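Overview (structure and organization)
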Amino acid sequence: MEAVQKVKDGISDLRMYWRQPRPGEYVPYREVVMLSVGWMALLMSISWTIGFGVGNQFTGMTLKMNNTELLVMGYVCTAIGYITTPLNAYIVDNLRSSDGKYRVYIKLAIPSMILTIISLWLPYETVRDSGRFGRYIMIIMLFLIGQIQGYVQGWVNTGVTNMVHVMTPNTQERTKIMAITSIIYSMGYTITNIYFPLMVDVLCKNGDKYNMRYYRGAYTPLSLLMPVVLIAYFGTRERLVLPKSRITKMSFTNSMRAVAGNKIFWIKCADGWNDFLEGAKGNVWEWMVYRAHIMKSTTYGLLNTISYNANFWGMLFSPWFIKRFGKRNIKIFKNIAQIFLIASYFLFYKTKFAAIGLFIVYTIDRFVDTGNVIDSAIESDMRDNQQYLIGERIDGAFGFVQSYASGIIGAVTGLFIPWVYRRKGFDGNDYSVLDVYKNYNEALPLSQQEKNPDCVLFGLLDTLLKISIFGAAVDVLPWFAYDISETGQKSMIRVIRIRTLIEDRNSDKREESTYIEGCEAIIKARKYDGAEKVALPGKKALAQAKSLPSGTPEEKEARLAAIQKAREENAAAREQNEEVEISRFVMHEIRRFETDFGKKQYELCRKIADAGIDGFHNDYEEILALALALPETDIKEERTWRKQEIKNAKQIKSSHHLFEQLYPEGSCTYYPDAEQAAYDLPDDTRENRKLRRDAMKKASRDKNNYITYATPYLNAVRTLELHDGYNNLDGIIADYESVVAERKARHDSERAKAERLAAERKLDKERLEAEKRIKKENRKRR
């Protein structure tokens, strides 16, 4: 009965918060479901892509490109990535669209679908066999369509997968959303894990899936799901905590410099760079199915699907795991567990228990690997940390630096596994040496199959598994340096809210929710300022409550009440200690200008701002001297701010030259409303459309010029605004109670209206049902 009641409560909760968020949260369930369904369709529809990795099933095993060709083309693609990646990073960090930072890219779903279908149905084999140069023409075809299709598909993927980072600034809510979306979109994996092996049996003979009939027949239907991805566009919205009044543009070099100093980013990168070692085991189960034939393809599909669904439970409990143990400890445990799981392969994979053994180990491995949730949560924390440190939200530059660094490292490490293949007898040309049996016939049992004397499969797998064990051990090390706690992340978000509140306090673009959240962050910080942490009752109090007698109904009721009280005391103590820790962090930010560093930073910024927008660039040497004279402290934030102020001062010299070029009349003229005015121009005729385009281009160019020239001045003014805001917090939060009361009254009115409409619909439904009943009775009487 208790379980049934929980289900009923869950359904009631879902209905209540379907269109409006829960108290203290930002995202209604409707948006979470919309994103999840769109994400699931995305994962299914992007199953197809043209790659050039060694051992690639399509370009290598099906179209017979050898390892040398695959490596060369892989390097060419990497080189092109070096060109497109900075462009992508610039677009992500600087594109200003009414659709948001990431939603805008989801609109490319339809073009992506069309390109995918074209890439599947080009006549690759016909061209390859057409003559002397046919093979090279085929490779060029693969390269061109693969690059175009992959580029567009990548933008759709970027849009959908990054929405989870910008839907809410609340880390616990974000983790919950990640868990829910992961559970729903993983159904896509569940379907494809059954679908692809089933299509092998339907479309292929003797389980040989390396032919165009299979790829076209299996992947074309999935590519047609891409329009469903648009649900994620129409059903969600972004909620970044950013000042609405800020005129900003993050330069490429500044973005790179900021990312280069982010420790969490490098920890995450180091974990990924080692995948070439730990991931060496990746083909074991598939090769044992399609090369050693330990089970039918359909059986493999079913077991792989069941095994993959173990990931569901890991993702389901991820929010609780994160809250209880923290991301750092989870990553360390997961990587240590991987060592023992990979080592266990040697116990069974060459025996008759290979099928069941692989199924069990993969199931445990997938339960432990909650990367979809944990890694996404770490990615969000990394970006929040960057915004807290430098005051600017950076997204695209992370991908740029990671792609460049990973590309360089991958160019070297990518040679390692092919080298291992060659050393163990597989040169990438003759795939038959991986077959355990010669001329395999699925109608005969394995005991009657002819063994392949040239088979190198088991020796190769032995070596790959040993490499994976070493890789898993190395993977543990970076995570000991991860130092963002769950409380620390909450603290950073509260500081960001306060800064946003101060910067937008005089703007007509200020949002009600931003004001309330910023005020609450200040009020809570003050409430717990100077408070001490309390001792946790711990497990002892709970154990004592559980040990109480429960023989009679009265004793049972008293025992349950004692257990509940012990749990509530524990929760209250933990909340108290967390708020005390957050308060210390926030109050340190609010009092930052009371320190020796803060006073000198204020003096520097006052010097720049007092010179005005037209004259700040004239005292370059004095300003640089003040920046270099800032104290070098042991506080991480002050070290970061010192670097920023020095960089800012050095940039003033460039501003001096830009002023002469851009504003020869001696006055910096920029109109913030020019872009909106140009956008609002009529476009009803061809001539008006041209005038509107020209006006928008000019407004955008003027804005870019202004930001490039005035960035040092604007940065100094923002710092002064923080100083003034922190000294006038009482005035800033003075309207808090009235704003909250107005919001509550509006919500109550909207709720009353919704309830009234629901009651009217119910009455209308009852009336219609009564009319139908009367008509039915009348027909019977006739």
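Residues numbered from 1 in each chain as written. Predicted model: local features only at pLDDT ≥ 70, side-chain atom pairs only at ≥ 80, totals over all residues. Heavy atoms only, no water.

**Overview of a nonpolar patch on the surface**
- Among the surface-exposed residues, W313, L316, F317 and F367 lie close enough to one another that they form a single nonpolar patch of about 370 Å² accessible area.
- Of note, W313 is situated in helix α16 (residues 310–325). (Patch = residues over 30% accessible without salt bridge, like charges linked within 9 Å, V, L, I, M, F, W, Y side chains within 5 Å. Areas by Shrake-Rupley, 256 points an atom, 1.4 Å probe, with all protein chains shown as cover. Salt bridge = Lys/Arg side-chain N within 4 Å of Asp/Glu carboxyl O. Helix = DSSP H or I, 4+ residues; strand = E, 2+ residues; numbered from the N terminus.)

**Considerations on the side chain of Q338**
- Tracing the backbone through its elements, the reader meets Q338 in helix α17 (residues 327–343).
- On the accessibility criterion, Q338 (4% relative accessible area) is buried.
- Not counting the four nearest positions on each side in its chain, Q338 is found in contact with E278, K281, D365 and A472. (Buried < 20%, exposed > 50% of the residue type's maximum accessible area, 1.4 Å probe, protein only. Contact = heavy atoms within 4.5 Å.)

**Regarding the packing of helix α15 (residues 297–308) against α16**
- It is at 4 Å that the axes of α15 and α16 come closest, and there the two elements cross at 10°. As the angle between them shows, α15 and α16 are arranged roughly parallel. Each of I306, S307 and Y308 in α15 lies in contact with α16, whose residues at this interface are A310, N311 and F312.
- Broken down by class, the residue content of the contact of α15 with α16 amounts to four nonpolar, two polar and no charged. (Axes fitted to C-alpha atoms, helices over the stretch in contact; angles between N-to-C directions. Parallel < 35°, antiparallel > 145°, perpendicular 65-115°, else oblique. Nonpolar A, V, L, I, M, F, W, Y, C, P; charged D, E, K, R; others polar.)

**Some thoughts on the nonpolar core**
- Judged by nonpolar contacts, the single largest core of 153 residues is most densely connected at Y124 and Y214.
- With 13 residues, helix α7 (residues 134–166) is the largest single contributor of residues to this core.
- What Y214 contacts, discounting residues up to four positions off in sequence, is F196, M199, V200, L203, C204, K209 and Y219.
- I608, A609, C668 and Y706 belong to the second largest nonpolar core, which has 27 residues in total. (Core = buried A, V, L, I, M, F, W, Y, C linked by side-chain atoms within 4.5 Å.)

**Some remarks on the side chain of E238**
- Along the chain, the position of E238 falls in the loop between α10 (231–234) and α11 (252–260).
- The charged side chain of E238 is buried without a salt bridge, its nearest counter-charge being R103 at 6.1 Å.
- A polar contact is formed between the side chain of E238 and the backbone nitrogen of Y102, at a distance of 2.6 Å.
- Among the polar contacts made by the side chain of E238, one reaches the main-chain amide nitrogen of R103 at a distance of 3.0 Å.
- Leaving out residues up to four positions away in the same chain, E238 has contacts with D99, G100, K101, Y102, R103, M163 and V166. (Lys, Arg positive; Asp, Glu negative; His and termini not counted. Polar contact = N/O pair within 3.5 Å; in protein donor to acceptor, adjacent residues only side chain to side chain.)

**With respect to the pattern of salt bridges**
- Taken as a whole and assessed by the stated rule, the structure comprises 26 salt bridges.
- The partner of D435 in a salt bridge is R291, with the nearest N and O atoms 3.0 Å apart. Placement of D435 in the loop between α21 (416–423) and β1 (437–438) and of R291 in the loop between α14 (284–290) and α15 is noted, with a sequence separation of 144 residues between them.
- What makes R291 buried here is its relative accessible area of 7%.
- The partner of D694 in a salt bridge is K690, and the shortest N-O contact between them spans 3.1 Å.

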